Amino acid sequence: MKITFLGTGTSQGIPVIACTCSACVSENPKDKRLRTSAFVEVNGMNICIDIGPDFRQQMLREKVSRLDAVVLTHEHNDHMIGADDLRPFNFFQKQDMPIFGEQRVLDEVKARFQYAFIPHPYPGIPQFLLTTINDSEVFKIGGVNIQPVRLHHGTLPILGYRIEDFCYLTDVKTIPEEEFTKLKGLKVLVLNALRRGPHHSHLTLSEALDMAKKIGAEKTYLTHFSHDLGPVAEWEQDLPEGVFPAWDGLILEI
Ligand SMILES: [Zn+2]
Ligand SMILES: [Zn+2]
């Protein structure tokens, strides 16, 4: 399995428009963060987890020539608003793009991309094949089993995804106790860490480190960073053993 971090920034990305803070003016390429998303290549399947506003740029940067499916964690714009840019895949692959998500999330796809669901579609509109999933059933993309994990993003119930011994959890604030049984024996965990200061719907850095310790994956990569955390060079050396910052373009092989 190969995982490419397409983006590792929070909803505004880094740099933030018009901001002159130390993270936003950093020249370290690791501090340039597009909106959070990951590309997973497993058993011949190419899968995108979330499809935010930077999706086009991310596909071009990573030279992705085939996409088999998209899985959505939740309906916030930074995780799903790139779906219009699935059109080239519709064109070249001559098929509707499978998108997996909870019913509420798919209803939001229909609402925000209303023009894709009209009765007599005109040529060139995005074509989606929506499949509803839930937190209790494993689903399949090709021969790949995907285990959804219930998470809470503040008060919003959202999903994370486990594929074999890899698990991708973003926009987490809390995880229901019963879900931890799905998180045993992980080789790689991806987990969000927004900043140091408190936030109502995202884990802070210290909360993320506590959560990572509780889950106990062999390696944990943090993502979905705010510029408030500062340039990565100022804090990455303080992370405990086995915990690393992700950055855009980082590739992991499991
Ligand atoms: Zn800034
Ligand atoms: Zn987000």
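Our structure is the block above this text.
Residues numbered from 1 in each chain as written. Chains lettered and ligands numbered in written order. Predicted model: local features only at pLDDT ≥ 70, side-chain atom pairs only at ≥ 80, totals over all residues. Heavy atoms only, no water.

The next subject is the packing of aromatic side chains. Evaluated as defined, the whole model comprises 10 aromatic pairs. An angle of 45° between the planes, with centres 6.3 Å apart, marks the rings of F5 and Y221 as tilted. Here Y221 lies in strand 12 (residues 219–223) and F5 lies in strand 1 (residues 2–7), a separation of 216 residues in the sequence. Between F100 and F139 the ring centres are 5.1 Å apart and the planes differ by 20°, which places this aromatic pair in the stacked class. Taken together, the residues F100 in strand 5 (residues 97–101) and F139 in strand 7 (residues 139–141) connect sequence positions 39 residues apart. (Phe/Tyr/Trp six-rings, centres within 6.5 Å; stacked < 30°, edge-to-face > 60°. Helix = DSSP H or I, 4+ residues; strand = E, 2+ residues; numbered from the N terminus.)

Here the residue pair I14 and P15 is connected by a cis peptide bond, since its omega of 0° sits within 30 degrees of zero. In this structure, N43 is a non-glycine residue whose phi angle is positive, near 45°. Along the chain, N43 falls in the loop between strand 2 (37–42) and strand 3 (45–49). Of note, the phi angle at H224 is positive, near 60°, even though the residue is not glycine. Structurally, H224 is set in the loop between strand 12 and strand 13 (243–245).

Let us look at the coordination of the zinc ion (ligand 2). At 2.1 to 2.4 Å from the zinc ion (ligand 2) lie its protein donor atoms, namely D78 (OD), H79 (NE2), D171 (OD) and H224 (NE2). Viewed at the metal, the 4 donor atoms of the zinc ion (ligand 2) are separated by angles of 90 to 163°, and the geometry they form is irregular. Donor residues binding the zinc ion (ligand 2) come from one chain and are separated in sequence as D-H-x91-D-x52-H. For H79, a relative accessible area of 0% corresponds to the buried category. (Donors = N, O, S within 2.8 Å, 3.2 Å for Na, K, Ca; no water. Tetrahedral: all angles 85-135°; square planar, octahedral: opposite > 155°, others 65-115°. Buried < 20%, exposed > 50% of the residue type's maximum accessible area, 1.4 Å probe, protein only.)

Okay, the coordination of the zinc ion (ligand 1) next. For the zinc ion (ligand 1), every protein donor is listed as C19 (SG), C21 (SG), C24 (SG) and H227 (ND1), and the spread of their distances is 2.0 to 2.3 Å. Seen from the zinc ion (ligand 1), its 4 donor atoms lie at angles of 105 to 116°, and the figure they make is tetrahedral. In primary sequence terms, the donor set of the zinc ion (ligand 1) follows C-x1-C-x2-C-x202-H.

One can find F166 in strand 10 (residues 166–169). Excluding residues within four positions of it along the chain, F166 makes contact with M1, I3, V40, I49, Y161, L186, V188, V190 and I254. (Contact = heavy atoms within 4.5 Å.)

Time to look at the environment of A246. Of note, A246 is situated in the loop between strand 13 and strand 14 (251–253). A relative accessible area of 0% places A246 in the buried class. Taking the C-alpha atoms as reference, A246 lies 8.4 Å from K30; in sequence the two are 216 residues apart. If near-sequence neighbours (up to four positions away) are discounted, A246 is found in contact with F5, T8, R33, Y221, L222 and F225.

Moving on: the pairing of strand 5. Of all 5 residues in strand 5, 5 are buried; the element is thus mostly enclosed. The side-chain alternation of strand 5 yields two buried faces, one formed by M97, I99 and G101 and the other by P98 and F100. Relative to strand 5, strand 4 (residues 69–71) runs parallel, the two being bridged by 2 bridges. The partner of V71 across the bridge, within strand 5, is F100. (Pairing = 2+ DSSP bridges.)

Should their charged atoms come close, side chains of opposite charge can pair. In the structure shown here, the tally under the stated rule is 15 salt bridges. What emerges from the salt-bridge pattern is a single network uniting R61, E62 and D248. (Salt bridge = Lys/Arg side-chain N within 4 Å of Asp/Glu carboxyl O.)

Moving on, we get to the sheet that holds strand 5. Spatial ordering of the open sheet is given by 6-5-4-3-2-1-14, a layout of 7 strands whose pairing is mixed. The sheet terminates laterally at strand 6 (128–132) and strand 14, the two strands that pair on one side only. The sheet shows a mean angle of 20° between the axes of neighbouring strands, direction not considered. Of the pairings in the sheet, the one linking strand 1 to strand 2 comprises 5 bridges and is antiparallel in character. Paired with T4 across the two strands is F39, which belongs to strand 2. Contacts from helix 5 (residues 103–112) reach strand 5 and strand 6 within the one sheet, and its direction differs from that of strand 6 by about 160°. (Axes fitted to C-alpha atoms, helices over the stretch in contact; angles between N-to-C directions.)

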